[in-house]
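# Structural features, examined
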Amino acid sequence: MLEWCLPKNMDLEGVEFKAIASGSHRVTTDFIYFRKGYYFGLACFANMAVESTVERGARMKSVGILSPSYILLYRYMSFLEHQVRLQLQSPGHYSPLEAFYEDKRARLPPSGDAVVTACPANIWGAAINYSMQPEMKFIRFFGEQIMVLWKLALLRRRILIFSPPPVGVVCYRVYCCCCLANISIPGVGMAVPEFRPFFYVNVADISALENELSYVACTTEKIFEEKKDLYDVYVDNQNVRTYRDGLKPVLRLSNADREKYRKLTKQRQMLLYSQEETGDCVSSEEDLFILFFLEQNNRIFQTLSEVAGSPDPTLTQESVRAMGLDPHGDRLFLLHLLEIYGYDTLLVSEQLCCS
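In this text, all values refer to a predicted model and were calculated from it rather than measured experimentally. (Residues numbered from 1 in each chain as written. Predicted model: local features only at pLDDT ≥ 70, side-chain atom pairs only at ≥ 80, totals over all residues. Heavy atoms only, no water.)

Looking now at the overall build of the chain. For the chain, the helix and strand inventory stands at twelve helices and ten strands. The burial tally for the chain puts 51% of its 355 residues in the buried class. Look at the contacts in the chain between residues 6 or more apart in sequence, and 66% of them connect residues 24 or more apart. When the accessible surface of the chain is split by element, carbon and sulfur atoms take 52% of a total near 17400 Å². (Helix = DSSP H or I, 4+ residues; strand = E, 2+ residues; numbered from the N terminus. Buried < 20%, exposed > 50% of the residue type's maximum accessible area, 1.4 Å probe, protein only. Contact = heavy atoms within 4.5 Å. Areas by Shrake-Rupley, 256 points an atom, 1.4 Å probe, with all protein chains shown as cover.)

Printed below as a string of structure tokens:
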């Protein structure tokens, strides 16, 4: 149930099922990022044992906030963690929350015009360092499968990640998937569907997801696996699956994928060594991760733009290698990319026809 909120006239129907994830009774603490209409939310959850038959031996609450943008929500993580503990220990004492609201409140836009939905490549690094635990490492968790997720993100596919609670670590994976698709070349990607982070979703979000062309989200509800029309790619633990025949070849690692992953892990090892030897705390693994894929994406689209503007707009094995792709193993991925990003006037050399 929704126990208390400010402002009173805000439409918060269903928010209680986002702020407390399905299965949260199995964990003692958690944090959850989610979408509520045009807004983003962050909630901190806690579960405390109590000697009460009415509460069946456990008291569970979440305290959360909504904002038009998620990029600064992390700043209030410690406040929410503290407040949910207070609410468990002294239910009904809302004055600190009222004071917080009066201090921080702003007029929410009536529509989604002012909502930030893309993944900035420069602000969230601080958010991760502050709010995410070091063991929640995307690279270590997915290994080489990162390269598969990178291609799917760049193709703006609908990606759904399943995991049991805790949810916070999985919201981090949603964010990392978003960062895989960053492009900083002006004008590129303007006509393609926005790769929207939904963070945590439940069955109440099914109707919203039905209308999405491109998104990445996570859930604790296994029922989603059966809703194959809602997603293109289903990620369960480290297993990346698709039921769409046209995408299945994209899920296979190419030689270029393995080489890129090798470079990424080498850069990561060098960073960790540098941090250990010099005490450098300025550079982070998250910065390295974001920049690695941003540069890779820019390299692809820079090459495509150069080929498209040349007298002979034909993609050859050499130009594909210049993008950091495998002329044979990445052929289908490349064809999808050309179609989605509007480079369909480019010719593809017959050298790329076979794999």
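This part covers the layout of surface pockets. The volume enclosed by the largest pocket comes to roughly 1500 Å³. Broken down by secondary-structure element, the contributors of at least two residues to the lining of the largest pocket are helix 1 (16-19), strand 2 (39-49), strand 3 (58-67), helix 2 (77-89) and helix 3 (95-104). Counting residues per element, the lining of the largest pocket draws most heavily on strand 3, which supplies eight residues. Here the residues of the lining of the largest pocket are counted per class, giving 33 nonpolar, ten polar and seven charged. (1 Å grid on protein atoms, 1.4 Å probe; cavity = no way out; pocket = protein on both sides within 12 Å on 5 of 7 lines; lining within 4 Å. Points joined across faces, edges and corners; volume = space filled by probe spheres on them. Nonpolar A, V, L, I, M, F, W, Y, C, P; charged D, E, K, R; others polar.)

Moving on to the nonpolar core. Core analysis: the largest hydrophobic core is formed by 92 residues, its most contacted members being Phe138, Phe301, Leu304 and Leu337. Looking at which element gives the most residues to this core, the answer is helix 7 (residues 168-179), with ten residues. Two domains each put at least three residues into this core: domain 1 (15-104) and domain 2 (124-251). Residue contacts for Leu337: discarding those within four places in its chain leaves Leu154, Leu155, Ile300, Phe301 and Leu304. (Core = buried A, V, L, I, M, F, W, Y, C linked by side-chain atoms within 4.5 Å. Domains from an automatic or database assignment.)

Under the definition given, this model contains 20 aromatic pairs. When the centroid spacing of 4.9 Å and the interplanar angle of 90 degrees are considered together, the rings of Phe141 and Phe142 count as edge-to-face. Ring geometry for Phe198 and Tyr215: centres 5.9 Å apart, planes at 65 degrees, overall edge-to-face. Taken together, the residues span a long stretch of sequence, with Phe198 in strand 5 (residues 196-200) and Tyr215 in strand 6 (residues 215-219) at a distance of 17 residues. Each member of the pair, Phe198 together with Tyr215, is buried. (Phe/Tyr/Trp six-rings, centres within 6.5 Å; stacked < 30°, edge-to-face > 60°.)

By the definition in use, this model includes 15 salt bridges. In this structure, the salt-bridge partner of Glu212 is Arg196, at a minimum N-O distance of 3.1 Å. Pair noted here: Glu212 is in the loop between helix 8 (206-210) and strand 6 and Arg196 is in strand 5, with a separation of 16 residues, a long-range link. Its relative accessible area of 15% is what places Glu212 among the buried residues. Here Arg241 makes a salt bridge to Glu225, at a shortest N to O gap of 2.5 Å. With a gap of 16 residues between them, Arg241 in strand 8 (residues 239-241) and Glu225 in the loop between strand 6 and strand 7 (233-236) connect regions that are remote in the sequence. The buried category is assigned to Glu225, whose relative accessible area is 19%. Bridged by salt links that share partners, the residues Lys151, Asp257, Lys260 and Asp330 form one connected network. (Salt bridge = Lys/Arg side-chain N within 4 Å of Asp/Glu carboxyl O.)

This next bit is on the side chain of Gln83. Mapped onto the elements, Gln83 comes out in helix 2. The residues touching Gln83, leaving out its near neighbours within four places in the chain, are Val63, Pro96 and Leu97.

Turning next to the environment of Ile185. Within the element layout of this structure, Ile185 appears in the loop between helix 7 and strand 5. Separated by 113 residues in sequence, Ile185 and Asn298 place their C-alpha atoms 6.4 Å apart. Dropping the residues within four chain positions of it, Ile185 is found in contact with Asn298, Phe301 and Gln302.

Between helix 6 (residues 145-154) and helix 10 (residues 285-308), the least distance of the axes is 12 Å, while the angle of their chain directions is 50 degrees. It follows from the interaxial angle that helix 6 and helix 10 lie oblique. Of the two elements, helix 6 crosses helix 10, and the hand of that crossing is right-handed. The segment helix 6 lies against helix 10, with Ile146, Met147, Trp150 and Leu154 engaging Phe293, Gln296, Asn297, Ile300 and Phe301. (Axes fitted to C-alpha atoms, helices over the stretch in contact; angles between N-to-C directions. Parallel < 35°, antiparallel > 145°, perpendicular 65-115°, else oblique. Left-handed = near helix turned anticlockwise from the far one by under 90°.)

Note that all results are geometric; they support no functional claim without further evidence.
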